[in-house]
Amino acid sequence: MSLARHLNRALTVTTGLQVRRAPRAAKGKSSAAPQAAERPSAAYRCPSAEELATERLLRRPVFIISSIRSGSTLLRMMAGAHPRLHTAHELHLGRVNVSCDNWHSEHAMSALGLARGDLEHLLWDRVMHRELVKAGKDFIVEKTPANAYMYRRLKDCWPDARFVFLLRHPESVARSWHESDPVKRPYDKAVTDVLRYMTAVEEARTADADGFTVRYEDITADPGREMRRLCAFLGVDYAPAMLNYGRKSGGELVRGLGDWRENIRTGTVQPGRALPKEDEIPERLRAMCAAWGYTSQSTADFSTAPGVDSGPAPRPDSRPDSPS
């Protein structure tokens, strides 16, 4: 009889208790700080143009790259009203993961030339293709704000993907983020949060010479003109229905998966807030405002602006449960 069984027998008789082995912590996680451990980057390969027919079901998916609180839900609803464009709620692909549980499964997938990242890409592609087929449309449009942090991986997954960069006045973004929970997010913290997103958006926009840039303020000021521009970029005919996408219920706009508030539920484009005066813009946002053409400041070097290097960027799906 093992020492453990002897010990448990004695303990049972004297105390009514037994000793059990503590469960092992999941590999790569710390029991003291389970959220602190970063998941290692997944290895993957980029399919060539010739391989796309077998590697991907989707053709030319569209990704909206934006910060939180930039009007991405509005743009999603307008695009989704087009007869050829399907826009699901935020899919948060960056946190949909695949793993092999033992050596045999890992070895089997490796023999097929599939690393963990390749398996994740196949799953992402299948999920999005499933939604597109259900909708019976031609192209899917995805708008999770955390996609700003994974632009390169999305581009590698779908080499034929198209990117729409949605900008909004940085101070308006910070103000809206602060007002969504002023107790939890004092204004200064809101500035820090949104600056990380906007920096990632600008880096992706700079890297993609073929992308399409649109401003939230232009959409609210002249939605017809901006939707015509978007349709021309996507190679589809303009659809007037995009301007009146229809009143939505709470069941159609899910809390935590985009904006669910009354403005977006109205089914039409609502006026945007007044732009701040230049002397109302915090110093930390001035370079980004200049880079996006919202101010007359000559420099566009946002990378050296005070507060930009304010800690590591959030993981690709760490956004709190708040409207966007």
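Residues numbered from 1 in each chain as written. Predicted model: local features only at pLDDT ≥ 70, side-chain atom pairs only at ≥ 80, totals over all residues. Heavy atoms only, no water.

1. Comments concerning the overall build of the protein
Phase 1: Helices and strands together make up the secondary structure of the protein, namely twelve helices and five strands.
Phase 2: The proportion of buried residues among the 324 residues of the protein is 45%.
Phase 3: Roughly 16,600 Å² of accessible area belongs to the protein as shown, and the carbon and sulfur atoms make up 53% of that amount. (Helix = DSSP H or I, 4+ residues; strand = E, 2+ residues; numbered from the N terminus. Buried < 20%, exposed > 50% of the residue type's maximum accessible area, 1.4 Å probe, protein only. Areas by Shrake-Rupley, 256 points an atom, 1.4 Å probe, with all protein chains shown as cover.)

2. Here we look at the packing of aromatic side chains
Phase 1: In this structure the tally under the stated criterion is six aromatic pairs.
Phase 2: Geometrically, the ring pair formed by Y149 and Y197 is tilted, given 5.0 Å between the ring centres and 55 degrees between the ring planes. Placement of Y149 in the loop between β3 (139-142) and α6 (151-157) and of Y197 in helix α8 (residues 187-207) is noted, with a sequence separation of 48 residues between them. Across this residue pair, the class does not change: Y149 and Y197 are buried. (Phe/Tyr/Trp six-rings, centres within 6.5 Å; stacked < 30°, edge-to-face > 60°.)

3. Considering the packing of helix α7 (residues 170-180) against α8
Phase 1: Here α7 crosses α8 at 125 degrees, and the two axes come no closer than 8 Å. Relative to α8, the element α7 is oriented oblique. The element α7 and its partner α8 pack so that their crossing is right-handed. Contacts between α7 and α8 involve P170, E171, V173, A174, R175, W177 and H178 on the former and, on the latter, Y187, A190, V191, D193, V194 and M198.
Phase 2: Split by residue class, the contact of α7 with α8 holds nine nonpolar, one polar and three charged. (Axes fitted to C-alpha atoms, helices over the stretch in contact; angles between N-to-C directions. Parallel < 35°, antiparallel > 145°, perpendicular 65-115°, else oblique. Left-handed = near helix turned anticlockwise from the far one by under 90°. Contact = heavy atoms within 4.5 Å. Nonpolar A, V, L, I, M, F, W, Y, C, P; charged D, E, K, R; others polar.)

4. Details of the pattern of salt bridges
Phase 1: Tallied over the full model, the rule gives 18 salt bridges.
Phase 2: Put simply, R45 and E55 hold a salt bridge, and the shortest N to O gap is 2.9 Å. Highlighted residues: R45 in the loop between α1 (3-14) and α2 (52-55) and E55 in helix α2, separated in sequence by ten residues.
Phase 3: For R45, a relative accessible area of 30% corresponds to the partly exposed category. (Salt bridge = Lys/Arg side-chain N within 4 Å of Asp/Glu carboxyl O.)

5. Things to note about the sheet that holds strand β4 (residues 162-167)
Phase 1: Here we have five strands laid out as an open sheet, ordered β2-β3-β1-β4-β5, and parallel in their pairing. Every interior strand has two partners, whereas the edge strands, β2 (85-87) and β5 (212-215), have only one. On average, each strand axis in the sheet is tilted by 25 degrees relative to the strand beside it, whichever way the strands run.
Phase 2: Inspection of the sheet shows β2 paired to β3 by three bridges, in the parallel sense. Pairing of L85 across the sheet is with F139, part of β3. (Pairing = 2+ DSSP bridges.)

6. Here's the deal with helix α12 (residues 283-291)
Phase 1: Of all nine residues in α12, seven are buried, a share of seventy percent or more.
Phase 2: Here α12 has its buried residues at R284, L285, A287, M288, C289, A290 and A291.
Phase 3: On its buried side, α12 packs onto α7 and α8.
Phase 4: Count one or two residues on from α12 and you reach G293, which has phi positive near 80 degrees.

7. Points about the pairing of β4
Phase 1: Within β4, six of the six residues are buried, which leaves the element mostly enclosed by the surrounding structure.
Phase 2: The alternating pattern of β4 places R162, V164 and L166 and F163, F165 and L167 on opposite faces, both of which are buried.
Phase 3: Across four bridges, the pairing between strand β1 (residues 62-65) and β4 is parallel. By the bridge assignment, F63 is partnered in β4 with F163.
Phase 4: Where β4 meets β5, four bridges bridge the pair, whose relative direction is parallel. In the sheet register, F165 faces β5, and the bridge partner there is T213.

8. Observations regarding the environment of A174
Phase 1: On the secondary structure map, A174 appears in helix α7.
Phase 2: Taking relative accessible area as the criterion, A174 reaches 0% and is therefore assigned buried.
Phase 3: Ignoring any residue separated from it by four or fewer positions in sequence, one finds A174 in contact with Y187, A190, V191, V194 and L285.

9. Quick word on helix α10 (residues 223-234)
Phase 1: Its twelve residues place the ends of α10 16 Å apart at the C-alpha level, agreeing with the 16 Å of an ideal helix rising 1.5 Å per residue.
Phase 2: Of the positions making up α10, those classed as buried are P223, G224, E226, M227, L230, C231 and L234. Seen along its axis, α10 keeps its buried residues to an arc of 165 degrees; they face one direction.
Phase 3: Buried positions along α10 lie against β1, α3 (72-80), β2, β4, β5 and α9 (216-221).
Phase 4: Just beyond α10, the residue with positive phi is G235, at close to 75 degrees. (Expected span 1.5 Å × (residues − 1). Arc of directions from axis to C-beta.)

10. Some remarks on the state of the cysteines
Phase 1: On inspection of all chains with the given rule, the structure shows zero disulfides.
Phase 2: Unpaired in this structure, C46 has its nearest cysteine sulfur neighbour in C157, at a distance of 9.2 Å.
Phase 3: Owing to a relative accessible area of 42%, C46 belongs among the partly exposed residues under this scheme. (Disulfide = S-S within 2.5 Å.)

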